[in-house]
Amino acid sequence: MLNRKPGSAEEQQPYISDDGALRTSSSDCDSDFLGPGESMSSSTSPAPQKKKSGSDLLMRTVFTVLTGVMFVLTQHVGQTLGIVLVFTCQILMFREVMRISQKKNIENELPGFHNLPWFMFFVCCAFTIATALRVPLVKTWPFLEQYLKHLTFAAFCFYMVGLIAFVLSLKPMEPLKSVIGKLRITRVGESKKPSGHQRPLKQVFFRYQFSQFGWLHMGLFAFSLMSSLFYFTMMEAMLWFTLPVSCVINNDSWAFACGKLFGKVPLIPTLSPKKTWEGFLGAWFFTTLWAFWFSDFLSSSKRFVCPKVHFLQPIDCEVSSTFLLQSYAVPEFLQGYLGEAFMVKPVQLHGIAFAAFASLGAPFGGFFASGLKRAFNLKDFGDLIPGHGGVVDRMDCQILMALFVYCYVSNFVLEKGGICAATSMFSYCFSRMDPADQVLLYNQLGRQLSEEGIRIVDGIAQL
C-alpha cells in the first residue's frame, strides 16, 4: 500500500491490490471489502514458510501408497470405476484452477456469477463423456439413441445459455457504488496525481468478469477437454489408460530418485530448480524398461485389451493382433548379434513410445504448471493431498499424456474391431442416407466382402 498522510483526500482513494481485491487506504473502507477473517496485514504480507521435516516425507510416502492402492483398485474394477476416477479428478482440477483467479471480495458483489463456470464445466463434461461412451450407452440402454443423436446441437444450445447468462451479468453493481461513489480507482504504485483519465467504477467488474470468462475457457480446454480424451482411449481398451498413466507415475518417481542420486546439472532452473538433466534422462531409461514389461503383463488379460461395448455384460472379445506375439526381422547388420528375427508383442513397442513421451514430453506439462504457480506466487494448487499439494500438482503431466495417447492410438494402433465393431451408430447413419447413397454404400461393401472371400446369398453375407 502507498504511504499517505492520515486525513488527506488521497487517503480515501480506492485501489486494486496485488491480490486483485478492491481496497481503500481508510480502515473503514478496508473492512467493507475484506472478507470474514481477513485483514490488510494478512493480504499484503507473505505467509510464513513452514519448515520441512521428516514428518512431511512420511506423509508424502503414506499418501503415495494410498494413491497407488486406489489406482490398482480402479484397474481391477475396469472402465466403469476408471470413468468415475477421471471425472472426479476433472472436478477437483477445475476447482483448483478457477480458485487461482477468483477474488472473493469482487465475487461477493456479483451474486450468482461464481456458478457460471461450473455450469459451463458440466456442459463440457457431459458432452465429452456422452460422446466417448455413446456406443456402450446405446448398446446397454437402446432408448438413449434418440436423445444422443442430437448431442452436438444440445451441447451448443447449453453453451449459448451460458454465454447469454454471462453477457446479461455485465452490469454495474449498485451495492458497491453506494460504498465508493465516484472515487477514482488506482493501482498500487500509480502516481498520486490525477492522470486525467479515470476508469468508471463498473469497468472494474467488466474487466474481472471478462478475465474470468477467458480463464474459464483456458480451464475447460487445458484441464477438462484434454483430460476427457482418457474416456475415448479407455473405451478402446483399459490398457490404453493404465499403461500411459503408470508410465507418468514411474517417470516421476525415477526422476526424483535419479536426481537425488546423480543430479548435478539443472534442467530448467527458472521454473523447476530441483529438476536435473541426470534425473530427466535416467527416468527415461527406467520408464522404458517398465513400459516394455508392464505392457506385456497387461496384454495377457482380456480385461485390459477388450473394448467396452456394454455396461451390464462382462468384457469379452477376440484378442487383437496388437496384443499377441509377432515375429520381427532383425536388420542385416545386427543379425550376427541378435539372430534373424525376434518375437515381441506390438503393444510392447507402443509401450516404448509411451515411455518416451512420458519422459521427454509430458514433463513439460509439469513445467507449464510450475510457471503458472510462479506467476501467481503459489507453492501448490491446493492441499487436498498432504505432502503432494493439489490434484493439478499430480495430474499436470497426465493431461498432456492423455492428448498424446489419444492421437497416437487413433493414428497408429486402432484397426478392425474395437469400438467400431458396434453397429448401432452405423445403422443410424445408414438410415439417414438418401436411397442413392445407400445403394452406393451397399455396392461398395459388397465388393469389399467379395474381396475378403465372403459370399452374399439372398442379400445375406455368409462366411
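Being a predicted model, the structure only gives us computed values, none of them experimental.

1. Considering the packing of aromatic side chains
The geometry of an aromatic ring pair is captured by two quantities: the separation of the ring centres and the angle between the planes.
No. 1: If you walk through the whole model with that rule in mind, you get 32 aromatic pairs.
No. 2: Ring centres of Trp-118 and Phe-121 lie 5.6 Å apart, and the angle between their planes is 85°; this geometry places the pair in the edge-to-face category. You can see Trp-118 and its partner Phe-121 sitting in helix 6 (residues 115-132), 3 residues apart, about one turn around the helix.
No. 3: For Phe-121, a relative accessible area of 0% puts it in the buried group.
No. 4: An aromatic cluster of three or more residues is present, and its members are Trp-240, Phe-323, Phe-354, Phe-357, Phe-404, Tyr-408 and Phe-412.

2. A look at the confidence of the model for the chain
No. 1: When the pLDDT values of the chain are averaged, the result is 78; 71% of them are 70 or greater.
No. 2: Mean pLDDT across the secondary structure elements of the chain bottoms out at helix 1 (residues 27-33), with 37, and peaks at helix 16 (residues 346-360), with 96.
No. 3: Confidence drops under a pLDDT of 50 for residues 1-53, and excluding neighbours within four residues, the segment shows 87 contacts in the predicted structure.
No. 4: Across residues 417-424, confidence stays below pLDDT 50; counting only partners more than four residues off in sequence or on other chains, it has 11 contacts.

3. Description of unusual backbone geometry
No. 1: Phi at Asn-377 takes a positive value of approximately 55°, unusual for a residue other than glycine.
No. 2: Examined against the element boundaries, Asn-377 turns out to sit in the loop between helix 17 (363-375) and helix 18 (391-412).
No. 3: With a relative accessible area of 70%, Asn-377 lands in the exposed category.

4. A look at the nonpolar core
No. 1: Counting residues in each nonpolar core, the largest one holds 44 residues, and the members touching the most others are Leu-133, Leu-239, Trp-240 and Phe-354.
No. 2: With 7 residues, helix 12 (residues 239-262) is the largest single contributor of residues to this core.
No. 3: Ignoring sequence-local partners within four residues, the contact set of Leu-133 consists of Ile-83, Met-235 and Phe-311.
No. 4: One finds Met-93, Phe-121, Val-204 and Ile-399 within the second-largest nonpolar core, a separate group that totals 32 residues.

5. Digging into helix 9 (residues 151-168)
No. 1: When the terminal C-alpha atoms of helix 9 are compared, their 26 Å separation across 18 residues agrees well with the 26 Å that a helix rising 1.5 Å per residue should span.
No. 2: Among the residues making up helix 9, those that are buried are Leu-151, Ala-155, Gly-162 and Phe-166. The buried residues of helix 9 occupy an angular sector of 55° when projected down its axis, which confines them to one face. Exposed side of helix 9, more than 90 degrees from the buried face: Phe-153 and Leu-168 are the residues found there.

Parameters at a glance
- Residues numbered from 1 in each chain as written.
- Predicted model: local features only at pLDDT ≥ 70, side-chain atom pairs only at ≥ 80, totals over all residues.
- Heavy atoms only, no water.
- Phe/Tyr/Trp six-rings, centres within 6.5 Å; stacked < 30°, edge-to-face > 60°.
- Helix = DSSP H or I, 4+ residues; strand = E, 2+ residues; numbered from the N terminus.
- Buried < 20%, exposed > 50% of the residue type's maximum accessible area, 1.4 Å probe, protein only.
- pLDDT = per-residue confidence, 0-100.
- Contact = heavy atoms within 4.5 Å.
- Core = buried A, V, L, I, M, F, W, Y, C linked by side-chain atoms within 4.5 Å.
- Expected span 1.5 Å × (residues − 1).
- Arc of directions from axis to C-beta.

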